[in-house]
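Summary of the model geometry
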Amino acid sequence: MPAITVDDILVLPRVPEPDVTQAERKVTSVTTAPSGYEGEGFPVRRAFAGVDLKRLDPFIHMDQMGEVDYGPGEPKGTAWHPHRGFETVTYIIDGTFRHQDSNGGGGLITNGDTQWMTAGGGLLHIEAPPEELVMSGGLFHGFQLWVNLPARLKMTPPRYQDIRAGQVALLSSGDGGALLRVIAGEFGGHAGPGITHTPISLVHATVSAGAQVRLPWRADFNSLAYVLAGSGTVGAEKRPVKMGQLAVFGAGDAITFAAQTELDILLLGGAPIREPVAAYGPFVMNTRAELQQAFEDFQAGRLGSVPAVPAEPRPGHDVI
Ligand code: MN
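We now turn to the structure provided with this report.

With that settled, consider the environment of Val277. For Val277, the position within the fold is in the loop between strand S24 (263-270) and strand S25 (278-280). Overall, the relative accessible area of 35% leaves Val277 in the partly exposed class. Sequence-wise, Val277 and Thr196 are 81 residues apart; in three dimensions their C-alpha atoms are separated by 19 Å. Apart from the residues within four sequence positions on either side, Val277 is in contact with Leu53, Ile60, Asn148, Val284 and Met285.

Written out as C-alpha cells, the structure is:
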C-alpha cells in the first residue's frame, strides 16, 4: 500500500495522547460494506451502507475502490456524468486515475494524491484510468467520499483542487505507533492541504501491528473510522474490525483503536449540516423540487458540455 510513507516516523510532529479527563467516544455501530460495481464496472465497497444519514452528516456516501489487481485491458472508469450540490474527494492509494470536468478542472492522481472537486451548482466529469494503465493493468485502490454542502452553498461555483501526496501533513501518534496523514481539514493542531467548504477532518492512519492509539477528536465533529486494510479493534471496548468495516463513534473528545495486523484506517469527522437531504443518483439537494430542477438543468445542457456524449444519470448503482 504505497500512499505516502516515511523512513523514520519518530522525526514527525507528534499528536499527544489525550489525558484521562477527555471523554472517550463509544462505538455505536460497526457495519460491513457490501461489494458492488461502479461506473463502467470497477469493484467497490459501499462504506456507508446501512448507516443513518444523520450519523454520517456532513458526509453522504463513500466507496472504497478496489483493492483490485487488474489484468491487461481490464482497468475501468466512468462515463461522463453530472453532479450538483456537494463535493467529491478522491484519494488514490495504489494506481492512477485521470479526472476531467466541464469546468476546466482535471489531472492525474496516483499513489497518495487526492483530488477535491466541488460540484456546487453543477458540472459534468469523467474519471478513468489512463490509456497506458488500461494496457498494462495493475493494482488499483483508493476511495471516493461525498461531502455535503449546506443550502447556502449548493449552487456555489465549481472548484477543483489537486493535492499531491507530498503536500499531505504527516504526523505521528504520541508513541510512534501510528503514521497519521492529514489529507484535509485540521487534526491535532495541524492543517491538511484540502480546502473545504464544510469543516471536516480527514486522516489516513497506518497503525503498526500490535500498537494501540488514542487520539483527540473534536467534540463538535462526528466521528467515523473505515478500515481500508488489516484488522484490529476500535474503541476502549475493543470492538473487532477488519477491512471493509465502518465504525461509528458516539459523542466525546477522544477515539481509540488498535492494530492486530498492520491497520490502515480512514478517520473522518465533520460539523453536521443538519438540513434535509434529497439525494438521487448524482445530485444531492435539500428538496425534491431542487432535484427535479437539477435533472432539467442537466437535460438542457446547463451543467456544462464536453467533447463527448454525456451519460444519462442513473439512480443507485451509478452514482460515483
Ligand atoms: Mn462522479
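Per the stated rule, a full pass over the model turns up 9 aromatic pairs. On the numbers, 4.9 Å between centres and 85° between planes, the contact of Phe283 with Phe295 is edge-to-face. Here Phe283, found in strand S26 (residues 283-285), pairs with Phe295, found in helix H3 (residues 288-299); they are 12 residues apart in sequence, far enough to count as distant. For the pair shown, Phe283 and Phe295 are each scored as buried. Taken together, the ring pairs connect Phe42, Tyr70, Phe97 and Phe140 into an aromatic cluster.

Spatial ordering of the open sheet is given by S6-S11-S8-S9, a layout of 4 strands whose pairing is antiparallel. Both edges of this open sheet fall to strand S6 (81-83) and strand S9 (106-110), since each of them pairs with a single strand only. Pairs of neighbouring strands in the sheet enclose a mean axial angle of 30°, with direction left out of account. Bridge count for strand S8 (residues 96-101) against S9 is 5 bridges, and the pairing is antiparallel. Paired with Gln100 across the bridge in S9 is Gly106.

All chains considered together, the criterion is met by 8 salt bridges. With a shortest N-O distance of 2.8 Å, Asp63 and Arg46 are connected by a salt bridge. Of this pair, Asp63 sits in strand S5 (residues 59-70) while Arg46 is found in strand S4 (residues 42-46), placing the two residues 17 residues apart along the sequence. Salt-bridge contacts for Asp220 lead to Arg218; the nearest nitrogen and oxygen are separated by 2.8 Å.

Calculation criteria
Residues numbered from 1 in each chain as written. Predicted model: local features only at pLDDT ≥ 70, side-chain atom pairs only at ≥ 80, totals over all residues. Heavy atoms only, no water. Helix = DSSP H or I, 4+ residues; strand = E, 2+ residues; numbered from the N terminus. Buried < 20%, exposed > 50% of the residue type's maximum accessible area, 1.4 Å probe, protein only. Contact = heavy atoms within 4.5 Å. Phe/Tyr/Trp six-rings, centres within 6.5 Å; stacked < 30°, edge-to-face > 60°. Pairing = 2+ DSSP bridges. Axes fitted to C-alpha atoms, helices over the stretch in contact; angles between N-to-C directions. Salt bridge = Lys/Arg side-chain N within 4 Å of Asp/Glu carboxyl O.

Interpretation in functional terms is not warranted from these geometric data alone.
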